[in-house]
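Each chain, written out:
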Amino acid sequence: MAVLSKIRNRSGLLLLAIGFALLAFVIQDLFNSGMKSVSTDVGSVNGKDISFDEFRVKVANTEKNAQGQNMTSMQASNQVWSQEVNIALLAAEFEKLGIRVGEKHILEVLKADQRYAQNPSFLNAVGKFDLNKFKDYFKAIPEGIKMLREEEKNAELNAKYQIYNSLVKGAMYTTASEGKFKYESETNKVNFDFVMVQYASIKDSDVKVTDDEILAYMKTKEKKFKSEESRELDYVLIQEKPSAQDEAEIKSNIDKLLTTHVEFKDGKNDTIQGFKLVTNNGDFVNANSDVPFDSTYIAKQDLPAAFADQLFNLPTGEVFGPYMKENYYCISKSLGRKSGAKVKASHILISWEGTQVPNKKEKRTKEQAKAKADGLLAQALANPGMFMMLAMSNSDDSSANQGGDLGYFAPGQMVKPFNDFAFNNPVGKIGLVETQFGYHIINVTDKQDAVKLATIAQKIQPSEATNDKTYTEATKFEMDAANKDFAALVKQKKLTSNPAVRVKAIDESFGSISNQRQIVKWAFEGDTKIGSVKRFEVVNVGHVIAKLKSINGKGLMSVDEARPQVENILKNKKKAAKIIAKMKGASLDAIAATNKVTVVNAIDLTIENPNVPGAGFEPKVVGNAFTSKIGQLSKPIEGNAGVFVVNTKAVTKAPKIQKYDEYVTKIKQQVTNYSGRVMPALKNDADIQDNRAEFY
């Protein structure tokens, strides 16, 4: 009680002391972070902020909608970020151009959306999309008004984009002059003799490219070599893997289950029957296996390839094993065989308006669909060999690309009428059934027998003792790496060497190990300096020890990063200078003799097809041949494969024609998709600030 009384009497001083301590902690943290303010925005596009709170909700919804696709938070963030940037850039374009839309435009967008256009809840009595039904549906559910506003907002954006895209495509015109140039590029021909000295004739070791030269080259093309802030790390993975002793112990456990044995349980001896003798197979498997009991029948092709024959032909009640399947020790007991357990079939689907089938080949009523299906059935029965072609030409199902082939399927995988026909009829039977998707002309093409197996599978995994040993090894490596050469230490410890990894602030993957956001975040933390080392535990994999090798700021990429792209270009430049110095002579023969090459003849080459014999694609060489004086040696030309000197023999001009419509059409076909270049162009010119690394 005396102690409590003293605490009460001094509580004011105690609280004051805690307050000062907390204040000191906060101040220290502010100085450590360079007085960096905490942003409430996840980024900005041309000065327009993107709120983190709204962004976070959209990311969460994206993750929710992608259930079953193993989408990570960072992947969802990337998807939403791309959408937000696109919307911000396009919205600015819409505003600049004064693009406006009304309810009519929005309605057209909603009608074109398969989610709504084919949904019976939104259709009127004649099967047409009804906007009022659409709105009423949302108003009748919780949060419906908010959802409706979002859908209308998205539809409005979509409608504006369609107008914008039409404007862009409308600007993609082609002139008669372009058509004329296309015609002449294809039809004008040139014949010339040439000498080529390949760059490969000079050894790479004879020309050196310095870091300064690479940097100077990058500065001439800054946009091409623009780079975000990045970090380069050395790393090693010390895996958690089972020892030989761990593997032997698992095998011993499996072996024990084969025979009847006594175990001491709950204070008494208990006799455990061997796997072959047990009758409650499912319970026995679930009690002893890392993989639950599977009561389905399995076709031979789905059994482990190395043991398929033994398992498929195993007599009922007999046990096979132990055998290894991937990283499991297994024993399997046959519970019997079933004939026709799996069916292979092809079908032709003929749907009608109102069925839940996207991308119908044509609009038709149910009556029209039935008439067409009956006709196709008659053709298939008359000539079964034509089934594949009939499916490819007529089926509304995506399987049309495979001639209607659906592969093998088990009972219950198809809708009931389809399932019943396939399993109740022999191979070769062709017939017609109706489902909610339409009329199916079905061809039963094969049936497979299958076996039911009770399989006990125990995973070969490291024991606690083995994992403790791995942890100790990884921790020791982490401490040693702080003061020693990383590569030398990897070699000394006989570990697998990995190339250095370069990561950006919002990256998630790390080297060969996916989804290691924790390592990337650490690399960009303020107190992580060059030479910093940290160990990361990767669940079910092992330990990654990473060491920060370099910090690369935003701007031009590093010389090391650019070298693979630039070095060969600069080497060829230097080789060209050496080659040109020796390409002297009054004739091609003289130049060829000096350089120990031969004179080659090129016939009927065009600007459109500048493939030079023995050299390949050389537009610069062919262009020079067209513009050089006939019978006169050109100056040395630095081509793609080497240095050339050409002597033009003849230029044949294309005959004049009245119209170039055919060639204008060719160019129009090429430029049709040029509108897809708009977004990359807008992004390239935009000021985009990405702060997601502060939040994810």
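Everything discussed here concerns the structure shown above.
Residues numbered from 1 in each chain as written. Predicted model: local features only at pLDDT ≥ 70, side-chain atom pairs only at ≥ 80, totals over all residues. Heavy atoms only, no water.

(A) Looking closely at the environment of R563. Here R563 is to be found in helix α20 (residues 559-582). With 345 residues separating them along the chain, R563 and M218 place their C-alpha atoms 10.0 Å apart. Setting aside anything within four residues of it in sequence, one finds R563 in contact with V209, T210, D211 and I214. (Helix = DSSP H or I, 4+ residues; strand = E, 2+ residues; numbered from the N terminus. Contact = heavy atoms within 4.5 Å.)

(B) Seen up close, the packing of aromatic side chains. For the coordinates displayed, the defined rule picks out 20 aromatic pairs. Ring geometry for F55 and Y696: centres 6.3 Å apart, planes at 70°, overall edge-to-face. Note that F55 is positioned in helix α3 (residues 52-65) and Y696 in the segment after β23 (688-690), a separation of 641 residues in sequence. A relative accessible area of 1% means that F55 is categorised as buried. Pairing F320 with Y323 gives two aromatic rings, centres 5.4 Å apart and planes at 35°, and the pair type is tilted. For the pair formed by F320 and Y323, the shared burial category is buried. Each residue in the set F52, F55, W81, F695 and Y696 is aromatic and connected to the rest through ring pairs, giving one cluster. Geometry around F275 places K333 over its ring, the cationic atom sitting 5.7 Å from the centre. Stacked on the ring of Y439, the Lys or Arg K370 has its end atom at 6.0 Å from the ring centre. (Phe/Tyr/Trp six-rings, centres within 6.5 Å; stacked < 30°, edge-to-face > 60°. Buried < 20%, exposed > 50% of the residue type's maximum accessible area, 1.4 Å probe, protein only. Lys NZ or Arg CZ within 6 Å of the ring centre and 35° of its normal.)

(C) Here's a closer look at the nonpolar core. With 24 residues, the main nonpolar core has F55, L89, Y164 and L682 as its most contacted residues. Elements represented by at least two residues in this core include exactly β1 (41-45), α3, α4 (73-97), α8 (144-170) and α24 (678-685). It is α4 that provides the largest number of residues to this core, a total of nine residues. Among all residues touching Y164, those that are not within four sequence positions of it are L90, E93, F94, L97, I99, V678 and L682. With 16 residues, the next largest nonpolar core counts V503, F524, V544 and L548 among its residues. (Core = buried A, V, L, I, M, F, W, Y, C linked by side-chain atoms within 4.5 Å.)

(D) Expanded view of the sheet that holds strand β5 (residues 230-239). What the four strands build is an open sheet, ordered β14-β5-β16-β15; its pairing is antiparallel. The sheet is open, and its two borders are formed by β14 (501-504) and β15 (533-538), each paired with just one other strand. The mean angle between the axes of side-by-side strands here comes to 40°, regardless of whether they run parallel or antiparallel. Bridge count between β5 and strand β16 (residues 542-552): 10 bridges; the pairing is antiparallel. Bridging from a neighbouring strand, D234 pairs with K547 of β16. Lying on the sheet, helix α19 (residues 517-524) is in contact with β5, β14, β15 and β16; it crosses β15 at an angle near 165°. (Pairing = 2+ DSSP bridges. Axes fitted to C-alpha atoms, helices over the stretch in contact; angles between N-to-C directions.)

(E) Representation of helix α22 (residues 619-627) in the model. Three or more residues of α22 are buried, namely V621, V622, A625 and F626. The buried residues of α22 occupy an angular sector of 140° when projected down its axis, which confines them to one face. Of the surrounding elements, those touching the buried residues of α22 are β3 (189-198), β18 (600-605), β19 (611-612), β21 (637-638) and β22 (642-652). (Arc of directions from axis to C-beta.)

(F) Structural view of a nonpolar patch on the surface. On the surface, M386, M388, M389 and M392 cluster together to form a nonpolar patch covering roughly 380 Å² of accessible area. By secondary structure assignment, the location of M389 is in helix α15 (residues 387-394). Classification of M389 as partly exposed rests on a relative accessible area of 44%. (Patch = residues over 30% accessible without salt bridge, like charges linked within 9 Å, V, L, I, M, F, W, Y side chains within 5 Å. Areas by Shrake-Rupley, 256 points an atom, 1.4 Å probe, with all protein chains shown as cover. Salt bridge = Lys/Arg side-chain N within 4 Å of Asp/Glu carboxyl O.)

(G) The pairing of strand β9 (residues 319-325), seen in detail. When β9 meets strand β10 (residues 328-350), the two strands line up antiparallel, connected through five bridges. Bridge pairing in β10 places V319 opposite K333.

(H) Fine view of the packing of helix α14 (residues 366-382) against α15. Put simply, α14 and α15 touch, their axes get as near as 10 Å, and they point 155° apart. By the angle between their axes, α14 is roughly antiparallel relative to α15. Judged by the twist between their axes, the crossing of α14 over α15 is right-handed. Of the residues in α15, those in contact with K372, L376, Q379 and A380 of α14 are F387, L390 and N394. Here the residues of the contact of α14 with α15 are counted per class, giving four nonpolar, two polar and one charged. (Parallel < 35°, antiparallel > 145°, perpendicular 65-115°, else oblique. Left-handed = near helix turned anticlockwise from the far one by under 90°. Nonpolar A, V, L, I, M, F, W, Y, C, P; charged D, E, K, R; others polar.)

(I) Structural view of the side chain of N443. With respect to the helices and strands, the residue N443 is situated in strand β13 (residues 438-459). Those residues in contact with N443 that sit more than four places away from it in its chain are K344, A345, S346, F387, G428, K429 and I430.

(J) Spatial organisation of unusual backbone geometry. Across the junction of G321 and P322, the peptide omega takes the value 5°, indicating a cis bond. Its place among the elements puts P322 in strand β9. The backbone of E326 shows a phi angle near 55°, a positive value even though the residue is not glycine. On the secondary structure map, E326 appears in the loop between β9 and β10.

(K) Spatial organisation of helix α16 (residues 416-424). Among all positions of α16, only F418, N419, F421, A422 and F423 are buried. On its buried face, α16 sits against β10, β11 (405-409), β12 (430-435) and β13.

(L) A look at the environment of I430. Take I430: it is sitting in strand β12. Residue I430 is classed as buried on the basis of its relative accessible area, which comes to 9%. Once the C-alpha coordinates of I430 and T445 are considered, the two residues, 15 residues apart in sequence, prove to be 9.2 Å apart. Ignoring anything within four residues of it in the chain, the contact list for I430 reads L377, A380, L381, P384, F387, F421, I441, I442 and N443.

(M) View of the pattern of salt bridges. In this structure the tally under the stated criterion is 32 salt bridges. R231 serves as the salt-bridge partner of E229, at 2.9 Å between the closest nitrogen and oxygen. Of the residues examined, E229 reaches a relative accessible area of 36% and is grouped as partly exposed. Judged by its relative accessible area of 7%, R231 falls in the buried class. For K573, the salt bridge goes to E638, with nearest N and O atoms at 3.5 Å. A residue pair is termed long-range when its members are at least 10 positions apart, and K573 in helix α20 and E638 in strand β21 qualify at 65 residues. Residues participating in the shared-partner salt-bridge network are K182, E186, E608 and K666.

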